Amino acid sequence: MLDAEALARLARLTDLDPGLVLDDFTTPAAQHALATAELLVTGWGCPPVDRRALDAAPRLRAIVHTAGTVRHHITDACWERGIAVSSAAAANAVPVAEYTLAMILLANKRVLDIARDYRAERRRIDWTERYPAAGNYRRTVGILSASAIGRRVIELLRPHDLDVLLYDPYVTAEEARELGARLVPLTDLFATSDVVSVHTPLLPQTRGLVSRELLAAMPTGGTLINTARAPIVDQTALTDELRAGRLYAVLDVTEPEVLPADSPLHDCDHVLITPHIAGSKGGELRRLADLAIGEVEAYAQGRPFAHPVRPEVLDRSA
């Protein structure tokens, strides 16, 4: 993520040892670095910044995370110390939202079905006769949660002739209208949407939120898209619906993350499974680095973070 250009930018802003990469805060090298560190730039796999790490870092005042969620390494001790924390979650939301938009449009157009049939039959077919409901005009898309990604998806849907519904218990009807969606109850979202896209964070109260009952309420031929976290959806119930041919799904996340070789989902025509690729990949990682370096620059210049993580909303965010 931090290529030579990114490291050079950081070096202009900070006193940086580009060869120092820590994955353990208890080593002598880490203890020596922490003793004078004012700011940490963290990434995936960062060890917890717990009380022991903070005791070794008396001058630490800020942490800039180059990825999304900070739940894995920012501890209560950080908030108690008053450490300012920033995350690149907003940058990572961009490719996930783009992936979701593409899948919504492809799902309504029945592209995967038509491509499969065309490959199998290899002849001219009246696709309108076979898939009379295919297309995106005036179709209904349901967004589950106005998270950073959910909001971005709604924004990307604006230019299209789609009716966008939203369920989010923390959003008012007026706020939903300003976003470009109509707020509806959870059951209505599933019962009336041609496509439902899941963007809620995985929290104790959202585990299994997309239940067998909600899936059964979806119109026949509807599509569920999940780019969030697999345990939000009852995967067994979804598998039953897919194998019965009643629903479709686009799953960028599964439980477990790599499905067993004998999972029935592998042989199901009604599901597209991708290996957690909706987030930043390849050249998109530079967007994360750019945001993080911008936050380091803000800190160096005495300005507040543009993308702060606020502890008071962590109970309902990723």
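Thresholds, definitions, all that
Residues numbered from 1 in each chain as written. Predicted model: local features only at pLDDT ≥ 70, side-chain atom pairs only at ≥ 80, totals over all residues. Heavy atoms only, no water. UniProt positions renumbered as here; feature names shortened; annotations may be inferred. Pairing = 2+ DSSP bridges. Helix = DSSP H or I, 4+ residues; strand = E, 2+ residues; numbered from the N terminus. Axes fitted to C-alpha atoms, helices over the stretch in contact; angles between N-to-C directions. Contact = heavy atoms within 4.5 Å. Salt bridge = Lys/Arg side-chain N within 4 Å of Asp/Glu carboxyl O. Buried < 20%, exposed > 50% of the residue type's maximum accessible area, 1.4 Å probe, protein only.

Under an unreviewed UniProt entry, the name given to the protein chain is 2-hydroxyacid dehydrogenase, and the organism recorded is Streptomyces bingchenggensis. The UniProt entry for the protein chain carries the following comment under Sequence similarities (unreviewed entry): "Belongs to the D-isomer specific 2-hydroxyacid dehydrogenase family."

K.L.:
Any details on the sheet that holds strand S1 (residues 39-42)? Residues and values, ideally.
P.N.:
If you walk across this open sheet you meet the 3 strands as S1-S2-S3, and the pairing is parallel. Of all the strands in the sheet, the pair left with one neighbour each is S1 and strand S3 (84-87). Strand after strand, the sheet turns through a mean of 10° between neighbouring axes, direction not considered. Pairing geometry for strand S2 (residues 62-65) and S3, over 4 bridges, is parallel. Paired with Val64 across the bridge in S3 is Ser86. Those strands touched by helix H13 (residues 285-300) are S1, S2 and S3, and its axis lies near 160° from that of S2.

K.L.:
Which residues make up the side chain of Asn92, and what values do they have?
P.N.:
On the secondary structure map, Asn92 appears in helix H5 (residues 89-109). What Asn92 contacts, discounting residues up to four positions off in sequence, is Gly279, Ser280 and Leu288.

K.L.:
Go over the pattern of salt bridges, please, and point to the residues and values.
P.N.:
Under the criterion given, the structure shown has 14 salt bridges. Put simply, Arg51 and Glu80 hold a salt bridge, and the shortest N to O gap is 3.0 Å. With Arg51 in helix H3 (residues 51-55) and Glu80 in helix H4 (residues 76-81), this residue pair connects regions lying 29 residues apart in the sequence. The class for Arg51 is partly exposed, based on a relative accessible area of 48%. For Glu80, a relative accessible area of 56% gives the class exposed. In this structure, Asp117 engages Arg116 in a salt bridge whose closest nitrogen and oxygen atoms are separated by 3.3 Å. On the basis of relative accessible area, Asp117 is assigned to the buried category, the value being 10%. When salt bridges that share partners are traced, they join Arg110, Asp113, Arg116, Asp117, Glu121, Arg123 and Arg130 into one network.

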